[in-house]
Amino acid sequence: MSRLPQISSSRPFGYPADDAPLSCGAHSLTKLAKRFGTPLYVYSGDQMLERLGLFQAALAHREHLVCYAVKANSTLAILKLFAERGAGFDIVSGGELERVLAAAPEAAGRVVFSGVGKTAEEIDRALDAEILAFNVESEAELALLAQRAAKRKRKARFALRVNPDVFAETHPYISTGLREHKFGIDIREARRIYAGAKGNRWLTPHGVSVHIGSQIRSAEPFGAAMMRVAKLVKQLSQDGIAIKTVDAGGGLGIDYHAAPGFDPKAKVAEYAAALEGALKGLDVQLLLEPGRFLVAQAGALVARVLYVKRNGKKTFVVLDAAMNDLIRPALYQAYHEIVPVAPRAGRAVTVDVVGPVCETGDFFARDRKIKPIEPGDLVAVLDAGAYGMAQSSNYNSRPRPAEVLVVGREAKLIRRRETLADLLGPEMV
Ligand SMILES: *Cc1c(COP(=O)(O)O)cnc(C)c1O
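None of these values were measured; they are calculated from a predicted model.

Definitions and cut-offs
- In this numbering scheme, every chain counts its residues from 1 along its sequence in written order.
- A pLDDT threshold of at least 70 governs which residues receive local features in this predicted model, and a stricter bar of 80 or more applies before side-chain atom pairs are shown or counted, although totals over entire chains, interfaces and linings include all residues.
- Calculated side-chain values reflect all of the structure's heavy atoms, with hydrogen atoms and water omitted.
- Only C-alpha atoms enter the line fits that serve as axes; for helices the fit covers just the stretch in contact. Angles between N-to-C directions range over 0 to 180 degrees.
- By definition, any uninterrupted DSSP run of H or I lasting at least four residues is a helix, any uninterrupted run of E lasting at least two residues is a strand, and each is numbered from the N terminus.
- The hand of a helix crossing depends on one turn: near helix anticlockwise from the far one by less than a right angle means left-handed, and clockwise means right-handed.
- The contact definition used throughout considers only heavy atoms, calling two residues in contact when any of these lie within 4.5 Å.
- Each residue is assigned to one of three groups, with Ala, Val, Leu, Ile, Met, Phe, Trp, Tyr, Cys and Pro labelled nonpolar, Asp, Glu, Lys and Arg labelled charged, and all others, Gly among them, labelled polar.
- For the exposure calls, accessible area comes from a 1.4 Å probe over protein chains only, and a residue counts as buried if that area is under 20% of its type's maximum, exposed if over 50%, partly exposed in between.
- Charge counting treats Lys and Arg as positive and Asp and Glu as negative, with His and both chain ends excluded.
- Between Lys or Arg on one side and Asp or Glu on the other, a salt bridge is scored when a side-chain nitrogen of the former is within 4 Å of a carboxyl oxygen of the latter.
- Residues adjacent in sequence count toward polar contacts only when both atoms are side-chain atoms; beyond that, a polar contact is any pair of N or O atoms within 3.5 Å, and within protein one must be able to donate a hydrogen and the other to accept it.
- Here a cavity means grid points, on a 1 Å grid over the protein atoms only, where a 1.4 Å probe fits yet cannot get out; a pocket means an open set of points with protein on both sides within 12 Å along at least five of seven lines; lining residues are those with an atom within 4 Å of a point.
- Grid points are joined across faces, edges and corners, and a volume is the space filled by probe spheres set on the points.
- Start and end positions for the domains come from either an automated domain assignment or a database one.
- UniProt positions are given in the numbering used here, feature names are shortened, and annotations may be inferred rather than shown by experiment.
- Residues belong to a common nonpolar core when they are buried Ala, Val, Leu, Ile, Met, Phe, Trp, Tyr or Cys residues joined through side-chain atoms within 4.5 Å.
- When at least one non-hydrogen atom of a residue lies within 4 Å of a molecule or strand, that residue is treated as near it.
- Here the accessible surface of atoms and residues is derived via Shrake-Rupley with a 1.4 Å probe, and residues count as covered only by protein chains that are part of the display.
- Each molecule is checked against the cavity or pocket grid, and it sits inside if more than half of its atoms lie within 2 Å of the grid points.

## Considering the packing of helix α3 (residues 76-84) against helix α4 (residues 94-103)
Running from amino to carboxyl end, α3 crosses α4 at an angle of 65°, the nearest separation of the two axes being 9 Å. When you trace α3 past α4, the crossing you get is right-handed. Residues Leu76, Leu79 and Lys80 of α3 touch α4, and the partners they reach there are Arg99, Val100, Ala102 and Ala103. Considered class by class, the residues forming the contact of α3 with α4 number five nonpolar, no polar and two charged.

Okay, structure coming up:
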């Protein structure tokens, strides 16, 4: 039997041979860590494109646009990679718009702008960039959009983001499709609001959008939400409002435990079938906004073990990475698989894997069985490509990690490690 930890094939990391270190494509993580330092985010651009391709293929029979949700991982090189394959983008701030414009200005017309708190400045910039559509989340926002559009003499295409009141089983912080959540407009109000916008020469009703939450593992709630959207589209058509696009949002979940049976292609097919079932007979373009599903499993956070310490019965593995680099375990009690880059022989031990930050919440795993680990070893925290770097911070005055993107035979530094000078730069004494 191999002494190597099993790694599910839904991840682009593996041990090429019994005595070889964990690799991403042709690149050993030992070598990448040596070259770029730790903590280090390593991504497989090849897997990101493969995942994008799964959605594009599953929707091939219908006019569609896959708008990558920038907030999952907004590093410029990743946006550029997706843009070159025809992806659009779902943004939630003016900052994300600037990122898309910097990475792929030609993709501005494929941008949809979501978010409950758009400012006038952000709206203006998006109008000037001639984005595809605004996903409007309140009547007040629609009024502001109309005002800004009139002022700039630019027509604003909009979709109401409706709240379908559908329950999706996920962590409460990332469930968004219930009436009690702050997101969207009660679907029962939508028809009236579209009718109200009909006479405004600066507003073009373009679509209907919905987003019910994140890390949703079953296709069923997506289908249920889309049924309600489809019904609304038909009602709007009766009202003389021709809807061109239906935006199903993002939220398709991955398997962080990566049971051997997890098959991304089958998952996407099942998801697409649920949406298609609801949209049967409707002649609309389908927009999707996947984030996590495209990038999560493509990424790992590589860290070095600083200390192994014992406190009473517990053993703590202290890494040079911390919650400021990857906050998901602390924020959502999220599970991440952790594997040694160069596994040692010997019996697995039960440890807590933690970072140096002064918070008890600063952990990557608790009571985890893991191959024996010594100070100086490298470990990889898997499935860290989404909501990892994007949610990182400088807490405890820690510079953010570097990021490396592997595409084909090339491993490219796409964001250098932050320096202490970067940290202190904006401050004055
Ligand atoms: C967060 C978000 C997404 C992406 O969610 P994932 O779970 O990463 O796919 C898509 N659309 C909107 C409006 C979002 O807020």
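## Describing the side chain of glutamate 403
Looking at where glutamate 403 falls in the secondary structure, it is placed in strand β20 (residues 402-407). For the buried glutamate 403, no salt bridge exists, and the shortest N-O distance to an oppositely charged side chain is 4.3 Å, to arginine 415. Within the structure, the side chain of glutamate 403 is placed 2.5 Å from the side chain of tyrosine 43, a separation counted as a polar contact. Discounting residues that sit within four places of it in the chain, glutamate 403 has contacts with Leu40, Tyr41, Tyr43, Asn73, Thr75, Met389, Lys412, Leu413, Ile414 and Arg415.

## With respect to the layout of surface pockets
Put simply, the largest pocket is a space of about 540 Å³. Surrounding the largest pocket, 27 residues form its lining, Lys71, Val92, Thr176, Phe183 and His211 being those nearest its centre. Grouping the amino acids of the lining of the largest pocket by side-chain chemistry returns 10 nonpolar, 10 polar and seven charged. Counting contributing residues, the lining of the largest pocket receives three or more from each of domain 1 (13-37 + 298-424) and domain 2 (45-292). For the second largest pocket, the calculated volume is near 310 Å³. Lining the second largest pocket are 15 residues, and of these Ser74, Thr75, Arg99, Met389 and Arg415 lie nearest its centre. Elements represented by at least two residues in the lining of the second largest pocket include exactly α4 and β21 (410-415). Grouping the constituent residues of the lining of the second largest pocket by class yields five nonpolar, four polar and six charged.

## Observations regarding the UniProt feature "binding site: pyridoxal 5'-phosphate" (unreviewed entry) in the chain
The feature "binding site: pyridoxal 5'-phosphate" (unreviewed entry), as annotated in UniProt, sits at Gly251, Glu289, Pro290, Gly291, Arg292 and Tyr387 in this numbering. Lining residues of the largest pocket, restricted to the annotated ones just named, are Gly251, Glu289, Gly291, Arg292 and Tyr387. Among the secondary structure elements, glycine 291 is positioned in the loop between β13 (285-288) and α10 (292-295). If we skip the residues at most four places from it in the chain, glycine 291 touches Tyr68, Ala69 and Ala72.

## Observations regarding the nonpolar core
One finds Phe82, Phe89, Phe134, Leu145, Leu160 and Tyr194 to be the most contacted residues of the largest nonpolar core, which totals 111 residues. Broken down by element, the residue count for this core peaks at eight residues, all from helix α8 (residues 220-238). Residues from two domains meet in this core; each of domain 1 (13-37 + 298-424) and domain 2 (45-292) gives at least three. Among all residues touching tyrosine 194, those that are not within four sequence positions of it are Phe158, Ala159, Leu160, Pro205, Gly207, Val208, Leu232, Leu236, Ile241 and Ile243. Listed in part, the 23 residues of the second largest apolar core include Leu22, Leu29, Ala33 and Ala402.

## A word on the site of the ligand
Near the ligand, the surroundings consist of 15 residues, among which Lys71, Ser214, Glu289, Arg292 and Tyr387 are the closest. Measuring from a nitrogen atom of the ligand, one finds a side-chain N or O atom of aspartate 90 at 3.1 Å. Taken by itself the ligand offers 390 Å² of open surface, and the protein chains cover 94% of this. When each cavity is represented as a set of grid points, the ligand is found to reside in the largest pocket.

## A closer look at empty space enclosed by the protein
A full pass over the atoms with the stated rule returns two cavities of 30 Å³ or more. By volume, the largest cavity is sized at about 40 Å³. For the largest cavity, the full set of lining residues is Val210, Ile212, Phe222, Ala225, Met226, Ala248 and Leu275. Ranked by residue count, the leading element in the lining of the largest cavity is α8, at three residues. Residue classes in the lining of the largest cavity are distributed as seven nonpolar, no polar and no charged.

## Describing the UniProt feature "binding site: substrate" (unreviewed entry) in the chain
Per the UniProt entry, the sites bearing "binding site: substrate" (unreviewed entry) are Arg292, Arg328, Tyr332, Glu359 and Tyr387 in this numbering. For this annotated set, covering 96 residues, the C-alpha atoms extend up to 26.6 Å from each other, a dispersed arrangement in space. Checked against the lining of the largest pocket, the annotated residues just named reduce to Arg292, Tyr332 and Tyr387. Overall, the relative accessible area of 15% leaves tyrosine 332 in the buried class. Examined against the element boundaries, glutamate 359 turns out to sit in the loop between β17 (349-354) and β18 (363-370). Excluding its chain neighbours within four sequence positions, the residues that come into contact with glutamate 359 are Met323 and Tyr395.

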